[in-house]
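Structural overview
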Amino acid sequence: MQRRSAARLGPLLLLLLLPVAWGAGPEPPRADGELQVSSRLAGQAARVALHYLNYRLGSPSALRALGQVRKATVKTIPGIGHKYYLQFTTEDYKSSQNVGTCLATVLYLKRKPRPAVNINCTYTKDQKQTREDDYSFYKKLRQQTKPITGNDIPDSYGHIEPALEPAWALAVAGSSYLMWEKSTENLGYFMAQVKNVKQWITKDDSIDFDYLVILHEIPTQEMISCHLRVIWTPGHPLKVKYFCLSENQQSESEEGSGTESGSTNGIFNEEEANF
Amino acid sequence: MYQIKESSSELVTQHYLGMTYESRPMYYLKVSQPSNKAKKIIWMDCGIHAREWISPAFCQSFMKENYKTDPKIKSFLQNLDIYILPVRNIDGYIYSWTTERLWKKSRSALVNGTCFGTDLNCNFNGSWGSNSLTFCGTGPESEPETKAVARFIEKRKSDVLYFLTIHSYGQYILTLYGYKTDLASNHQDLVRQRNHAPCQCKGLRLHELCFLSFSNVQVEAAEKAEVTLKEKHGTNFTVGPTSLVLYKNSSSLRDWAHMIGIPFFYTFELRDKGAYGFILLPDQIQPTCDETTTAVMTIIEYVNQKYFPNSAVAVTSGSLWLWLIVLFTRTLS
């Protein structure tokens, strides 16, 4: 019983200690103005914007990663939060080739759990090609008579089996939704690995996957396991549900440490993107 | 390591550093041109965090350099010895191969064997305990791996010029200090650094100038390295002080290095930028090692030229800095 209450207290203490823990490092800017392009907070905000973009586009062939931040400014909106104004280049997620530039705003709200993003990008890849690539992913997956299953993608050595590529790419797209929701001004995420994937064969047109993904949380360096359910039809918004576990098995029932926002605590989050 | 030692036995020797928690021997390689001259030391270590596999891969690759034939290497080996510890966290590294790919810490058993591992980066005796985000051991230098490195370096601290620690991922070259203009805008940081600066321009009221010149050299070297690195395969790295670019759990090692007075301290975060992260694609391993070697060599050459000017001293606008740095070297030794 005592351990349980300690587990309850732990996350709260961690939350209180956060400002102290980051005393030696950069805190959210107290002063408004231009940020150095190499600053962690600028990169963080840019990545949040890209998580949102990758989720909204819902295209496994057109996933984007952050290239370089070209300009970043931040403004405090009293009583609301911090708003970042960003200009950055993007790279193709798989090939690292430059694929365009984005202008974005990211508003970290004090009261709501997830950042509000506005993003506009140029895209230098052939969009007809990416649509065709998406469709051939889709066809391959629809043609499965036996559901796809897999573990450790990529494997320890960085290999991704060609047959599991589409499933992995969809995991990145689905995780983008989850990472967007979980990101805060100070906490950022990368998808480290797909631990487990299982396909559900559906009677309708959709592709349905169940995943266990591992997220890398920065700057805490924690690895967070999340169950992810992704339902995809090309040309339609992704449907994503998720449920994250804390790394510490003892506080599993607490649904994560105090550094997580309230919206992931033990409930399924379902979001239908508004088009 | 044995093969390399054997093939270049007059230059390369293998030495015992200490034992890990699980009683595995830690060995480092020493690359040294035999001579009567007293040398300064470059220390490079890899494999601190188990899951960062590209790090030991890089140290292995670096160990295979052509020490005998490469003229640039031969030139700085006249003044510098290189010490390479290819894996600091051997137990954790093995565990990440056999059991859990994304393991980070060591494998020391705590709480009656129900909890394992210390983050070896924050286990040093510098601001120990200020990091509440990860487990840094039961006390400063509580882990045998840390003690082994710390004891070794501390014994030779007046000779250690250059401490390089290799991690992934992120594509950064992290410096201890920033440029003087950056320092001016972060007054608190400047005050803290000034008080602990290993720069002792005795007899001169140029303390701040000395410190700033030295910190600028550190950043300049890193920026030069960033350029040569990019020339190799087009990869973009970011250079900056850790406090700005990345708050990582390495403040204890950094502060310790700062305290004992190591002039050039760099943390490298190798490829990639997060798309694959710790589990880097195999075809990126060799290019990453190549470009990182280029960067490290650039820094070594730059520091070598600044610290050990040849008889034909280049008369440039930087000669004042050079004079100060030479003075600094003398006061250190």
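Residues numbered from 1 in each chain as written. Chains lettered and ligands numbered in written order. Predicted model: local features only at pLDDT ≥ 70, side-chain atom pairs only at ≥ 80, totals over all residues. Heavy atoms only, no water.

**Here's the deal with the overall build of chain B**
To keep it simple, the criterion reads: Secondary structure elements are defined from DSSP: runs of H or I of at least 4 residues count as helices, runs of E of at least 2 residues count as strands, and each element is numbered from the N terminus. The contact criterion used throughout is that any non-hydrogen atoms of two residues lie within 4.5 Å. Surface exposure here means Shrake-Rupley accessible area, sampled with a 1.4 Å probe, where a residue is shielded only by the protein chains that are shown.
From N to C terminus, chain B includes 12 helices and 10 strands. Counting contacts in chain B only where the partners sit at least 6 residues apart, residues at least 24 apart contribute 72% of the total. For chain B, the computed accessible surface area is about 13,300 Å², with 52% contributed by carbon and sulfur atoms.

**Remarks on the overall build of chain A**
From N to C terminus, chain A includes four helices and 10 strands. Taking contacts inside chain A between residues at least 6 apart in sequence as the whole, the part at least 24 apart equals 58%. Accessible surface for chain A amounts to roughly 13,200 Å². Of this, 53% is attributable to carbon and sulfur atoms.

**Re the nonpolar core**
What counts, and what does not: Remark: nonpolar core denotes a set of buried residues (Ala, Val, Leu, Ile, Met, Phe, Trp, Tyr, Cys) joined through side-chain atoms within 4.5 Å. Only protein chains enter the calculation, and the probe is 1.4 Å; a residue is then buried if its accessible area is under 20% of its type maximum, exposed if over 50%, and partly exposed in between. Domain extents, as shown, originate in an automatic or database domain assignment.
The biggest cluster of nonpolar side chains holds 67 residues, and the ones touching the most others in it are Phe88(A), Ile119(A), Trp168(A), Tyr211(A) and Val213(A). Counting residues per element, this core draws most heavily on helix H4 (residues 165-182) of chain A, which supplies 11 residues. Shared between two domains, this core holds at least three residues of each, these being domain 1 (6-125 + 261-274) and domain 2 (127-256) of chain A. Excluding its chain neighbours within four sequence positions, the residues that come into contact with Trp168(A) are Tyr93(A), Lys94(A), Ile153(A), Pro154(A), Ile160(A), Met191(A), Val194(A), Ala275(B) and Tyr276(B). Formed by 48 residues, the second largest nonpolar core is a distinct cluster that contains Phe76(B), Leu77(B), Leu164(B) and Tyr307(B).

**Let's talk about the sheet that holds strand S2 (residues 64-77) of chain A**
All names here are of chain A. Quick reminder of the rule: Between any two strands, pairing holds if DSSP finds at least two bridges. Fitted lines through C-alpha atoms give the axes, limited to the stretch in contact for helices. The angle between two N-to-C directions lies from 0 to 180 degrees.
An order of S1-S2-S3-S4-S5 is seen for the five strands of this open sheet, with the pairing classed as antiparallel. Edge positions in the sheet fall to strand S1 (33-34) and strand S5 (116-121), since each of these pairs with one other strand and no more. The sheet contacts of helix H2 (residues 40-57) involve S2, strand S3 (81-92), strand S4 (98-109) and S5, and relative to S2 the element is tilted by about 115°.

**Some remarks on the packing of helix H2 (residues 54-63) of chain B against helix H11 (residues 285-307) of chain B**
Residues and elements named next belong to chain B. Rules: Helix crossings fall into two classes, left-handed where the near helix is turned counterclockwise from the far one by less than a right angle and right-handed where it is turned clockwise. Note that Gly is not counted as nonpolar here; it falls among the polar residues with everything else outside the nonpolar set of Ala, Val, Leu, Ile, Met, Phe, Trp, Tyr, Cys and Pro and the charged set of Asp, Glu, Lys and Arg.
One can describe the packing of H2 onto H11 by two numbers: an axis separation of 9 Å at closest approach and a directional angle of 65°. Relative to H11, H2 is oriented so that their crossing is right-handed. The residues of H11 that touch H2, namely those facing Ile-54, Ala-57, Phe-58, Ser-61 and Phe-62, are Ile-285, Gln-286, Thr-288, Cys-289, Thr-292, Thr-293, Val-296 and Met-297. Residue composition of the contact of H2 with H11, grouped by class: eight nonpolar, five polar and no charged.

By themselves, these observations are geometric and do not establish any function.
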